[in-house]
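Listed below, chain by chain, are the residues.
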Amino acid sequence: MHPAAGVSIPNFTSGARHRGFAPRGDFRLIGSLVASPDTPHCPFQKRFPSQLVRDDAFYMSLAYNQAIDAWREDEVPIGAVIVSAGEVIGSAHNRVEGAQDPTAHAEMLAITQAASRLGGWRLEGATIYVTKEPCPMCSGALVMSRVKRVCYAVGDPKMGCLGGAANLNELPRSNHHFELTQGGVMEDECRDLLQAFFRLKRMEPGEGEGVD
């Protein structure tokens, strides 16, 4: 069964490449989503989780599928999904290279989608599932958007700001703190995806052919 079957997932990313959002919450993108000829082949397959159990692994699978889409567009394979009351209200992957926008991280795009869907900037009661620990920018945005919970798969000791290099969720004078699940949910799968992407990127053209 398709991972999105039975789950309300708006088509936030139909159309072209991101050059900034259009008015009235129209998230269609400008340009084409054609990968560079130098994009390493993605040997990973999307997941098709059962619809019977909507647990953390189910929603992280959807974020993982977004990360695979990122790889296929020659973006760093990180995906994010935001859920409220069991409904997916934001779903995105990195678009930094295609958009030439340093803020076009998976979490930032998903937050904007979710706020548009809810009609307000407070994402109270929402949970975000993201395949890698959010960076300083995204961690701050999650605090500011008032999400209820953050669940990430892979920690980032260099740039992660929810327990890796620092923890913005523990700022003592902050007026909002969220529940935090650090690793454990599809951690190995998401780590393997990231490591394989960068390993193949470092190879000379043709060297990576046949890599499983």
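Each value, and the rule that gives it
- Residues numbered from 1 in each chain as written.
- Predicted model: local features only at pLDDT ≥ 70, side-chain atom pairs only at ≥ 80, totals over all residues.
- Heavy atoms only, no water.
- Buried < 20%, exposed > 50% of the residue type's maximum accessible area, 1.4 Å probe, protein only.
- Helix = DSSP H or I, 4+ residues; strand = E, 2+ residues; numbered from the N terminus.
- Contact = heavy atoms within 4.5 Å.
- Pairing = 2+ DSSP bridges.
- Axes fitted to C-alpha atoms, helices over the stretch in contact; angles between N-to-C directions.
- Phe/Tyr/Trp six-rings, centres within 6.5 Å; stacked < 30°, edge-to-face > 60°.
- Polar contact = N/O pair within 3.5 Å; in protein donor to acceptor, adjacent residues only side chain to side chain.

Focus: helix H4 (residues 136-144)
Then step 1. Among all positions in H4, only Cys138, Ser139, Ala141, Leu142 and Val143 are buried.
Then step 2. Looking at the packing, one finds that the buried side of H4 touches helix H3 (106-118), strand E3 (127-132) and strand E4 (149-154).
Then step 3. A positive phi of about 65° marks Arg146, the residue just after H4.

Here we look at the sheet that holds strand E1 (residues 79-84)
Then step 1. If you walk across this open sheet you meet the five strands as E2-E1-E3-E4-E5, and the pairing is mixed. Two strands in the sheet have a free side with no partner beyond their single neighbour: strand E2 (87-93) and strand E5 (179-182). Put simply, the sheet's adjacent strands are angled 15° from each other on average, direction ignored.
Then step 2. Where E4 meets E5, four bridges bridge the pair, whose relative direction is parallel. By the bridge assignment for E5, Tyr152 is matched with Gln182.

Digging into the packing of aromatic side chains
Working definition: an aromatic ring pair is given by the centre-to-centre distance plus the angle between the planes.
Then step 1. On inspection of all chains with the given rule, the structure shows five aromatic pairs.
Then step 2. On the basis of an interplanar angle of 75° and a centroid distance of 5.2 Å, the ring pair of Trp71 and Phe197 is categorised as edge-to-face. A residue pair is termed long-range when its members are at least 10 positions apart, and Trp71 in helix H1 (residues 56-72) and Phe197 in helix H5 (residues 187-202) qualify at 126 residues.
Then step 3. A relative accessible area of 0% places Trp71 in the buried class.
Then step 4. Each member of the aromatic cluster is reached from another via a ring pair, and the members are Phe44, Trp71, Phe197 and Phe198.

Notes on the side chain of Asn167
Then step 1. Mapping Asn167 onto the fold places it in the loop between E4 and E5.
Then step 2. At 3.0 Å, the side chain of Asn167 forms a polar contact with the backbone nitrogen of Asn169.
Then step 3. When near neighbours in sequence (up to four residues on either side) are disregarded, Asn167 contacts Cys161, Leu162 and Leu180.

Some points on the side chain of Asn94
Then step 1. Within the secondary structure, Asn94 sits in the loop between E2 and helix H2 (96-99).
Then step 2. On the basis of relative accessibility, which here comes to 8%, the residue Asn94 falls in the buried class.
Then step 3. Within polar-contact distance, the side chain of Asn94 engages the backbone nitrogen of Ala106 at 2.9 Å.
Then step 4. Every residue in contact with Asn94, bar those within four places of it in the chain, is listed here: Ala70, Glu75, Val76, Ile78, Ala104, His105 and Ala106.

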